[in-house]
Amino acid sequence: MGLLDILLGRTKPALPDLDQLFGLPSAAVTLEAAAGFRPTGQGAVCFATVEGAAFEQAHREVQALLDADADRSGPPVELSQDAYGYSWLVSRRTPDQLPELVNDLHAVNSAMEVNGFGPQLLCSLAGFRDDADRRLALVYLYKRGTFYPFAPLPGGAQRRDNALELRVKAALGDDLRIEQDLSRWFPVWGAPGL
């Protein structure tokens, strides 16, 4: 970054740091102690919808990579599309397999990146629930290299539990690189894996 960039207020975007995903298991311990939320075993990677043979090849590579896991039961990765037109690769594990789920999310992101689909990657999330059946996702913003909590309120209305999100932000500040710009805490309504 040059002097002109500094004077004009231009900044370089943060580079994705997929290794930040490996902080999720320790953050899950803190999250359970601080707020009673435990992993659901579900997670997903979201990206702008891509069509064509190159993407199909990348999806087959991810599928083959995760199929190689002998401890997995059920479908390793499911491809779905949400109501907003974004695509999701969803992984399901048992709730006690958060490290394996994180490996799945990292592998999906890495494979997409290696195959030239890095610019289409938007976010990854891991799902959590508490005893009152409240849902929470820890969302990793690919282009920012940061996390934020997303806590939808129960019911059909698209409303968030902002107080819970801020409590989780405060609790996980030492475990994860939390996104400080709250305007970037985008809702992920209807996200599979949540």
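Since the structure is predicted, the reported quantities are computational estimates derived from the model, not experimental observations. (Residues numbered from 1 in each chain as written. Predicted model: local features only at pLDDT ≥ 70, side-chain atom pairs only at ≥ 80, totals over all residues. Heavy atoms only, no water.)

Visitor: Report on the pattern of salt bridges, specifying residues and quantitative values.
Guide: Per the stated rule, a full pass over the model turns up nine salt bridges. Between Asp131 and Arg38 there is a salt bridge, and its shortest N-O distance comes to 2.4 Å. Remark: Arg38 occurs in strand β1 (residues 38-48) and Asp131 occurs in the loop between β4 (121-129) and β5 (135-141); sequence separation between them is 93 residues. Across the salt bridge formed by Arg134 and Asp130, the nearest N and O atoms sit 2.6 Å from each other. In this structure Arg134 comes out as partly exposed when scored by relative accessible area, which is 26%. (Salt bridge = Lys/Arg side-chain N within 4 Å of Asp/Glu carboxyl O. Helix = DSSP H or I, 4+ residues; strand = E, 2+ residues; numbered from the N terminus. Buried < 20%, exposed > 50% of the residue type's maximum accessible area, 1.4 Å probe, protein only.)

Visitor: I'd like a description of the sheet that holds β1, backed by residues and values.
Guide: The strand order across the open sheet formed by six strands is β2-β3-β1-β4-β5-β6, and the pairing between neighbours is antiparallel. This sheet does not close on itself; its edge strands, each paired only once, are β2 (77-81) and β6 (146-150). For this sheet, the mean angle separating the axes of adjacent strands, direction not counted, is 25 degrees. Sheet topology places β2 next to strand β3 (residues 86-92); five bridges connect them, and they run antiparallel. Pairing of Ser80 across the sheet is with Trp88, part of β3. Sitting on the sheet, helix α3 (residues 53-67) is in contact with β1, β2 and β3, with an inclination near 145 degrees to β2. Of the strands in this sheet, β5 and β6 touch helix α5 (residues 162-171), which is tilted by about 145 degrees from β6. (Pairing = 2+ DSSP bridges. Axes fitted to C-alpha atoms, helices over the stretch in contact; angles between N-to-C directions. Contact = heavy atoms within 4.5 Å.)

Visitor: Tell me about the layout of surface pockets, residues and numbers included.
Guide: Quantified by volume, the largest pocket comes out at close to 330 Å³. Cys46, Leu122, Cys123, Phe186 and Val188 are the residues nearest the centre of the largest pocket, which is lined by 18 residues in total. Broken down by secondary-structure element, the contributors of at least two residues to the lining of the largest pocket are β3 and β4. Top contributing element to the lining of the largest pocket by residue count: β4, with three residues. (1 Å grid on protein atoms, 1.4 Å probe; cavity = no way out; pocket = protein on both sides within 12 Å on 5 of 7 lines; lining within 4 Å. Points joined across faces, edges and corners; volume = space filled by probe spheres on them.)

Visitor: Which residues make up the packing of helix α2 (residues 24-35) against helix α4 (residues 98-117), and what values do they have?
Guide: Running from N to C, α2 and α4 cross one another at 135 degrees; their axes reach a closest spacing of 9 Å. As summarised for this structure, α2 and α4 are arranged oblique, according to the angle between their axes. As α2 packs across α4, the resulting crossing turns out to be right-handed. On α4, the residues that touch Leu24, Pro25 and Ala28 of α2 are Leu98, Pro99 and Val102. When the residues that make up the contact of α2 with α4 are grouped by side-chain class, the tally is six nonpolar, no polar and no charged. (Parallel < 35°, antiparallel > 145°, perpendicular 65-115°, else oblique. Left-handed = near helix turned anticlockwise from the far one by under 90°. Nonpolar A, V, L, I, M, F, W, Y, C, P; charged D, E, K, R; others polar.)

Spatial relationships are all this shows, so hold off on functional conclusions.
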